[in-house]
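In case you want the letters, here they are:
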Amino acid sequence: MIRVGNAAAAPEFAVAADQALANVQLRRNVRHATEVIRGKRALVVAESDDWQALRESGRQIKAHVLRHLDSYLEAFEENCTRAGGHVHWAADADGANRIIVDIIRSHGEQEVIKVKTMTSDETRLNAALEGAGIAPHETDLADLIIQLGNDTPSHIVVPALHRNRAEIREIFRQKMGLPDLGGEPHDLTTAARQYLREKFLRVPVGFSGANFLIAETGAVCVVESEGNGRMCLTLPRVLITLAGIEKVIPALRDLEVFLQLLPRSATGERMNPYNTLWAGTTPGDGPEEFHIVLLDNGRTRVLADPVSRETLQCIRCAACLNACPVYRQTGGHAYGSIYSGPIGAILTPQLQGMQHSTSLPYASSLCGACYEVCPVKINIPEILIHLRRRIVEGGAPLGERMGMKGAALAFSSPAWLRRAQMIGRFLQRPFRKGDQLAHLPGLFAAWTRTRDLPALPAQSFRDWWAARERGGAS
Ligand code: SF4
């Protein structure tokens, strides 16, 4: 079974969301952080004259790649190998983890420094490394907070977004052995810098994800804001990269589009402070050995569906999370998956297998805010509806099937509709509060718990019309 984080074992979204909504501190942290990022994004997008043209270019490049994914991946492999890199192919998460563990073991090493990568969270690489006696050290500040706090990411770009400064101070104080640590941003970043610097200089194996793979040259591109990535990508003797197969783009010139779209959408910056590009190895400059693991883990299955294929266009900017009214209330953990928010709601069920995450496509109001901000124009609402259809076709819940059958019968003739209205008016009496029905029992409780349900009126429109024709309407 393909696993995407812990989604297989996660509770239904509605249950987990209920718990998240009860956590006032979490909601405050998530609301504050998403509002800050949205505000910054809006400013830098507004100053771009050709934003919509850029979005369309990004969409077209990614759609083109997906139509020719096989040939672009082969071109990437050929060019990366020619530049001195070693290319590995992994069908699933376990296969990818095995390759990475074997490479590290072949060098007799027991530690690895890591740059932020959602893909390694998807494969649960850290658990696999620890199981093999290898210590992974996260070096991105947010990932370090997650790792030291034994936590899981709640956001694609800002994984510790659900934590505030006081909570982070407490984690650092305990895990770094700094009882007198101050609570100012400077205190926290200084502590992290000192903690990490020793690892950057000592650990000889580096690990990264990839934002883009360039087929034309076999190069890998990683963008980041803290400089920890540059350290991990240049200082170690051995570098290993794990990348989903959808990360490939045709040529270096395509970066012109994506390096404008991604930072503006992700962090509200015009450009990422650190943009690292390398192809294979260069004697005397950077790592002496470079491996890249190309991961499928369900992606070719997504590719085979012509409607939801565009999910693979995602460049993991998280703009859809920050815009989503559901995510902004619940945060990311309610999704029970490494990928949260609107992109998680469509990506996880497809990678994981629909049977393991049937509640996620319903974790949306279909308002379309995600589609509006997506830099590569993924039509998330349309894909959500498509996935809901697949769930229903796979066997809707008994209550829903009975409800639909009842509705089909009621609407099959005026006589049946009248009978259904009479029965409904009788049955609704104990639950009626004014014009509304409150707290329906059994299968109907899920509806009235979260939505208004108007009561059936004493007189239907048809009855009113008939009375009017008889001259008795009021
Ligand atoms: S779906 Fe679009 S907005 Fe959401 S993370 Fe992917 S690229 Fe960004």
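Here, the structure is the one placed above.
Residues numbered from 1 in each chain as written. Predicted model: local features only at pLDDT ≥ 70, side-chain atom pairs only at ≥ 80, totals over all residues. Heavy atoms only, no water.

A. Spotlight on the site of the ligand. Surveying the vicinity of the ligand reveals the residues Cys-314, Ile-315, Arg-316, Cys-317, Ala-318, Cys-320, Ile-343, Cys-374, Pro-375, Val-376, Ile-378 and Ile-380. Residue classes in the shell around the ligand are distributed as eleven nonpolar, no polar and one charged. (Near = heavy atom within 4 Å. Nonpolar A, V, L, I, M, F, W, Y, C, P; charged D, E, K, R; others polar.)

B. View of the packing of aromatic side chains. Taken as a whole, this structure holds seven aromatic pairs when the rule is applied. For the pair Phe-13 and Tyr-335, a centre-to-centre distance of 4.8 Å together with 55° between the ring planes defines the contact as tilted. Separated by 322 residues along the polypeptide, Phe-13 in helix H1 (residues 13-21) and Tyr-335 in the loop between helix H15 (327-330) and helix H16 (341-352) bring together distant segments of the chain. On the basis of relative accessibility, which here comes to 3%, the residue Tyr-335 falls in the buried class. On the basis of an interplanar angle of 55° and a centroid distance of 6.1 Å, the ring pair of Trp-464 and Trp-465 is categorised as tilted. Using a relative accessible area of 27% as the deciding quantity, one classes Trp-464 as partly exposed. Given the relative accessible area of 40%, Trp-465 is considered partly exposed. One aromatic cluster is present, built from ring pairs that chain together Phe-13, Tyr-327 and Tyr-335. Here the guanidinium or amino end of Lys-62 rests over the ring plane of Phe-258, the centre of that ring lying 5.8 Å away. Looking at Arg-451, its charged tip hangs above the ring of Trp-447, at a distance of 4.5 Å from the centre. (Phe/Tyr/Trp six-rings, centres within 6.5 Å; stacked < 30°, edge-to-face > 60°. Helix = DSSP H or I, 4+ residues; strand = E, 2+ residues; numbered from the N terminus. Buried < 20%, exposed > 50% of the residue type's maximum accessible area, 1.4 Å probe, protein only. Lys NZ or Arg CZ within 6 Å of the ring centre and 35° of its normal.)

C. Fine view of the packing of helix H3 (residues 51-67) against helix H12 (residues 255-266). Here H3 crosses H12 at 115°, and the two axes come no closer than 9 Å. It follows from the interaxial angle that H3 and H12 lie roughly perpendicular. Of the two possible hands of crossing, H3 and H12 adopt the one that is left-handed. On H12, the residues touching Trp-51, Leu-54, Arg-55, Ser-57, Gly-58, Ile-61 and Lys-62 of H3 are Val-257, Phe-258, Gln-260, Leu-261, Arg-264 and Ser-265. Of the residues in the contact of H3 with H12, the class split is six nonpolar, four polar and three charged. (Axes fitted to C-alpha atoms, helices over the stretch in contact; angles between N-to-C directions. Parallel < 35°, antiparallel > 145°, perpendicular 65-115°, else oblique. Left-handed = near helix turned anticlockwise from the far one by under 90°. Contact = heavy atoms within 4.5 Å.)

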